[in-house]
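# Summary of the model geometry
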Amino acid sequence: MAAPKPEEISHPPMDQLQGLEYCIDSNPSWGEAIALGFQHYILALGTAVMIPTFLVPLMGGTDDDKVRVVQTLLFVGGINTFLQTLFGTRLPTVIGGSYAFMVPVISIIHDTSLMQITDPHTRFLNTMRATQGALIVASSVQIVLGYSQIWGIFSRFFSPLGMVPVIALVGFGMFDRGFPVVGRCVEIGIPMLILFIIFSQYLKYFQFKQLPVLERFALLISVTVIWAYAHLLTASGAYKHRPDLTQVNCRTDKANLISSAPWVKIPYPLQWGAPTFDAGHAFGMMAAVLVSLIESTGAYKAASRLASATPPPAHVLSRGIGWQGIGILLDGLFGTVTGSTVLAENVGLLGSTRVGSRRVVQISAGFMIFFSILGKFGALFASIPFTMFAAVYCVLFGLVASVGLSFLQFTNMNSMRNLFITGVALFLGLSVPQYFREYTASALHGPAHTSAGWVCVFLSNFTSNYSK
């Protein structure tokens, strides 16, 4: 019998991806699981360091304050990951800081009453307490929507066609954190990107004791090699007379994390003082909570597919959102300077390693808590240049976006209406935020500019790049 022609080969729709080594309930050996969990921890460091590095100086904080915020964000992220994997959706998802909360936090930072404080440390503490109060109040949105099963009722209307732009834009919406950041230090970013792709895709069949080492640990190996290379460039004085921006993105000693980190420090609730509450701050933060809810819903759907799990039922999805609301409440109590969401990059890592084991993610949560307490050791890993994380994001965010596009197989793409919905939703999902971004960059405020600051913040969260 003659072999079928390429154009005659069809691929029937499949609810679960093929080729995964470990699904949600199957576990690798303990040694392999610990190494994979450490890999998830390293990846989660990118967001945990980037957000405080940007926000804390604006609040008036010092390097010591920045280190404490990074430690707190990792500590609470580890707790939230445990809660989500044990009691929430029970999917292998890592919970960490969300960029969606940066818009309302920046609005709080520029509040007139806070900007008038002359002492930087006092201004930092007051700003942190205002942020904590806003997070505590705003967390009630997800708690109510989740535990009342209201979000579960809404989720019953999420068709495969509707989930395509939701999941795809979780990945595509992060395009500005990919190659634009890689371009800030191409001598590190480009080799990292190339090495990660080669290890994970072209040397994936190289095995050691029947273990595809290069594919399974592509991130760890690539980070180790390029980090050593970056440290060599730093030590040799390659960036000695380069601009400050280049040094921040290329040098391995510019973050000032190791010298500022304490040896042992356990974050605890209300460590910055009693939170303060303001209605305007809380309403602005609620918009970010809604954005986090939507992006996490897409991430849960993507994680279930990459972990070879059944799609989460409506009541499970709603329960997960409720526990995520508890996580944001913990963010407010501990003072992490931002709220929580599912880290899309770690969802992408499930597909890159082909390991969707829940135990691996729980081990990574243990690493997050352990290294947040042992400050010096955690700061050592957190000194990895941002450019290296951005290179990995180029692959992993793209992988998450492609998981969203894979839902098209369950729809009739010969229907003009389905083509219209898919194309318009994806195009506007990228084009509308770009308009608001360019407008804000030129006018220094969004198109919706009123005397009620919380209205501007609320609208900005749904239209800025942070909201995917």
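Above: the structure in question.
Residues numbered from 1 in each chain as written. Predicted model: local features only at pLDDT ≥ 70, side-chain atom pairs only at ≥ 80, totals over all residues. Heavy atoms only, no water.

## With respect to the packing of helix 9 (residues 186–202) against helix 19 (residues 386–406)
As a reminder, the rule being used: To define axes, lines are fitted to C-alpha atoms, for helices over the stretch in contact only, and angles between the resulting N-to-C directions are given on a 0 to 180 degree scale. Helical segments are the DSSP runs of H or I of at least four residues, strand segments are the runs of E of at least two, and each set is numbered from the N terminus. Note on angle classes: values under 35 degrees are labelled roughly parallel, values over 145 roughly antiparallel, values of 65 to 115 roughly perpendicular, and the remainder oblique. The sense of a crossing depends on the near helix, which, turned anticlockwise from the far helix by less than a right angle, makes the crossing left-handed and, turned clockwise, makes it right-handed. In this description, contact between two residues means that some pair of their heavy atoms is separated by no more than 4.5 Å. Classification convention: Asp, Glu, Lys, Arg as charged; Ala, Val, Leu, Ile, Met, Phe, Trp, Tyr, Cys, Pro as nonpolar; all other residues, Gly among them, as polar.
Closest axis-to-axis distance for the helix 9/helix 19 pair is 8 Å, and the angle between their directions is 40°. Between helix 9 and helix 19, the crossing angle belongs to the class labelled oblique. Considering how the two elements wind past one another, helix 9 and helix 19 form a crossing that is right-handed. The residues of helix 19 that touch helix 9, namely those facing Ile 188, Gly 189, Met 192, Leu 193, Phe 196 and Ile 197, are Thr 387, Met 388, Ala 391, Val 392, Cys 394, Val 395 and Leu 396. A class-by-class count of the residues in the contact of helix 9 with helix 19 yields eleven nonpolar, two polar and no charged.

## Notes on the packing of aromatic side chains
As a reminder of what qualifies: Side-chain rings of Phe, Tyr and Trp (the six-membered ring for Trp) are treated as a pair once their centres are within 6.5 Å; stacked means planes under 30 degrees apart, edge-to-face means over 60, and tilted covers the remaining angles. Classification of residues uses two cut-offs on accessible area relative to the type maximum, computed with a 1.4 Å probe and protein chains only: under 20% is buried, over 50% is exposed, and between them is partly exposed.
Evaluated as defined, the whole model comprises 19 aromatic pairs. Where Tyr 41 meets Phe 381, the ring centres are 6.4 Å apart and the plane angle is 85°; that geometry is what we call edge-to-face. One end of the pair, Tyr 41, is in helix 1 (residues 30–59); the other, Phe 381, is in helix 18 (residues 375–382), and 340 residues separate them in sequence. Residue Phe 381 is classed as buried on the basis of its relative accessible area of 18%.

## A word on the side chain of Gln 142
If you trace the backbone, Gln 142 turns up in helix 5 (residues 120–147). Beyond its immediate stretch of four places on either side in the chain, Gln 142 contacts Val 289, Ser 292, Leu 293, Ile 321, Gly 322, Gln 324, Gly 325 and Ile 328.

## So, the state of the cysteines
Here is the idea: a disulfide is a covalent bond, and it sits between the sulfur atoms of two cysteines. What counts here: Only a pair of cysteine sulfur atoms within 2.5 Å qualifies as a disulfide here.
Within the structure shown, the criterion is met by one disulfide. Linked covalently through their sulfurs, Cys 185 and Cys 250 form a disulfide whose S-S length is 2.0 Å. One quick way to see it: the torsion about the S-S bond of Cys 185 and Cys 250 is about 130°, and its sign makes the bridge right-handed. On the criterion of sequence distance, the pair formed by Cys 185 in the loop between helix 8 (179–182) and helix 9 and Cys 250 in helix 12 (residues 244–250) is long-range, its members being 65 residues apart. Take Cys 185 and Cys 250: they sit in the same class, and that class is buried. Lacking any disulfide linkage, Cys 394 is separated from the closest cysteine sulfur, that of Cys 185, by 14 Å.

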